[in-house]
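# A look at the structure
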Amino acid sequence: MIINHNMNALNAHRSMVGNTATAGKSMEKLSSGLRINRAGDDAAGLAISEKMRGQIRGLDQAQRNSQDGISLIQTAEGALNETHSILQRMRELSVQSANDTNNESDRGQIQKEMDQLTKEIDRIADTTEFNTKKLLNGSAGIQGKVTTADGKVEIVGGNGETKTGTIDLAKTSFTAATKSVSEEITITSANGAITQALEMNIDGTNFKFDANTKVEDINKALKNAGINVELGVNAGGDKATLTSTIKGTSSNFEASVTVAGGAATDLTVASGQNANVTAADGTLKGASFTSQGDIITITSGDYKGLELKVESNVTAADSGNSINITGNGTLTLQIGANEGQTMGMSISDMRADALGVSGIDVSTSKAAQSATTTIQRAIDTVSSERSKLGAVQNRLEHTVNNLGTSSENLTAAESRIRDVDMAKEMMTFSKNNILQQAAQAMLAQANQQPQGVLQLLR
């Protein structure tokens, strides 16, 4: 018998220490409710869980952001409700003043009320705020204008930042655009051929086709030359229109057509054509603006995704004119947990001058009738703005619901990784507790075994 190394006691002690440590971890998990209390419990699980926690807290904050956005919209829309009421009263007064049963003194009294109502429209627009941010004085919209023929555009955001881009008024850059000549080319319906000589210059390349050349042969020649242009026959079969369909990346396209030796006819673009930004620096490359309603869609740069609407007429030759543009986004709402998950919105200038009712005159019947039309346009403008705000509010309400659902589902996933199963862990704790007690008992027995040596020493 050996007593210097009590191996049975050492073995029992080792087991007891292990069981004590395991039972301690179980108690820690049971007391905290977490399966992972430190990285050593599950290194990969901890990293995944913390990433999920970041997403969950981001989604919860985005939900609050969206609710704040709804509150902002309700504040603005509530103020515009009163602006609507004022404009309706102004319209009522203008109709009253237009009636010649009123004399000059009567119209003077009507004018006094009209002036006060105009001032109240300005006061509402200048003082309506949300968290000290003014909403209706134009600072929450987007403004910009083209002031020279080189197309320099200055876009001023609601936060006072100024971004500068370029609209090329000399050339036209299109994506998926269709253009046509301003006059049709007569062909015979019998053999589908042109009846007059046709000369075209497309992107600097000249094409000449004699009379009686079939349309399909013309299209084949253009296609073989790499020109994405074709001559299409209309439904009647006796006319043809030269059209181009440019697909894929933006492509400059310039063309002129001479029919039967006549003057060259440049291809034109319809009003409202979308123009896209392609330059990495955010330079605006767009159609030459010819009328109201043209759209600039910014696809790169500081205002990526912003749609700008041309509000006044301009041509490339109007070097002194300006294009007033409005857009959908200097108020940026962070409605997601990650970078770029935002939505833009704007609120137009709702002051009397912007609505066109500043200094309105009802001193004569004719002036009052004109004022009625002007006020009606202002009512329509406010109606459009309120409708836009209502649409954004409805969108944000859906956003709030979606964010709540996403946060809930992600929380459930994070819980499965991070939280402890209390019933299962209690079983483990009970097992380890019993093993710990058994190890203590066996350690006591192992310590008694060396006592047998004393019997040999008597």
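An unreviewed UniProt entry lists the protein under the name Flagellin, with Clostridium senegalense as the source organism. Annotation of the protein in UniProt includes, under Function (unreviewed entry), the sentence "Flagellin is the subunit protein which polymerizes to form the filaments of bacterial flagella." For the protein, the Sequence similarities (unreviewed entry) comment in UniProt is given as "Belongs to the bacterial flagellin family."

What follows covers the overall build of the protein. In terms of regular secondary structure, the protein is built from eight helices and 21 strands. Taken across its 458 residues, the protein has 39% of its residues classed as buried. In the protein, 60% of the contacts between residues at least 6 apart in sequence involve partners at least 24 apart. Total accessible area computed for the protein in this model is approximately 24,700 Å², and 48% of it derives from carbon and sulfur atoms.

What follows covers the confidence of the model for the protein. Mean pLDDT for the protein: 74, with 65% of residues reaching 70 or above. Contacts from residues 244-255, a stretch scored under 50 in pLDDT, to residues over four places away or in other chains number 47 contacts. This model gives residues 260-291 a pLDDT under 50, and the stretch forms 93 contacts once residues within four places in sequence are excluded.

Tallied over the full model, the rule gives 14 salt bridges. Linking arginine 89 and glutamate 113 is a salt bridge whose minimum nitrogen-to-oxygen distance equals 2.9 Å. Here the residue arginine 89 occupies a position in helix α2 (residues 43-97), and glutamate 113 occupies one in helix α3 (residues 104-127), the gap between them amounting to 24 residues. Overall, the relative accessible area of 29% leaves arginine 89 in the partly exposed class.

A rise of 1.5 Å per residue sets the reference length of α3, with its 24 residues, at 34 Å; its end C-alpha atoms lie 35 Å apart and thus fit the reference within 8%. Listed in full, the buried residues belonging to α3 are Arg107, Ile110, Gln111, Met114, Leu117, Thr118, Ile121, Ile124 and Ala125. Residue asparagine 103 occupies the N-cap position of α3, its side-chain oxygen lying 3.1 Å from the main-chain nitrogen of serine 105.

About the cut-offs
- Residues numbered from 1 in each chain as written.
- Predicted model: local features only at pLDDT ≥ 70, side-chain atom pairs only at ≥ 80, totals over all residues.
- Heavy atoms only, no water.
- UniProt positions renumbered as here; feature names shortened; annotations may be inferred.
- Helix = DSSP H or I, 4+ residues; strand = E, 2+ residues; numbered from the N terminus.
- Buried < 20%, exposed > 50% of the residue type's maximum accessible area, 1.4 Å probe, protein only.
- Contact = heavy atoms within 4.5 Å.
- Areas by Shrake-Rupley, 256 points an atom, 1.4 Å probe, with all protein chains shown as cover.
- pLDDT = per-residue confidence, 0-100.
- Salt bridge = Lys/Arg side-chain N within 4 Å of Asp/Glu carboxyl O.
- Expected span 1.5 Å × (residues − 1).
- Polar contact = N/O pair within 3.5 Å; in protein donor to acceptor, adjacent residues only side chain to side chain.

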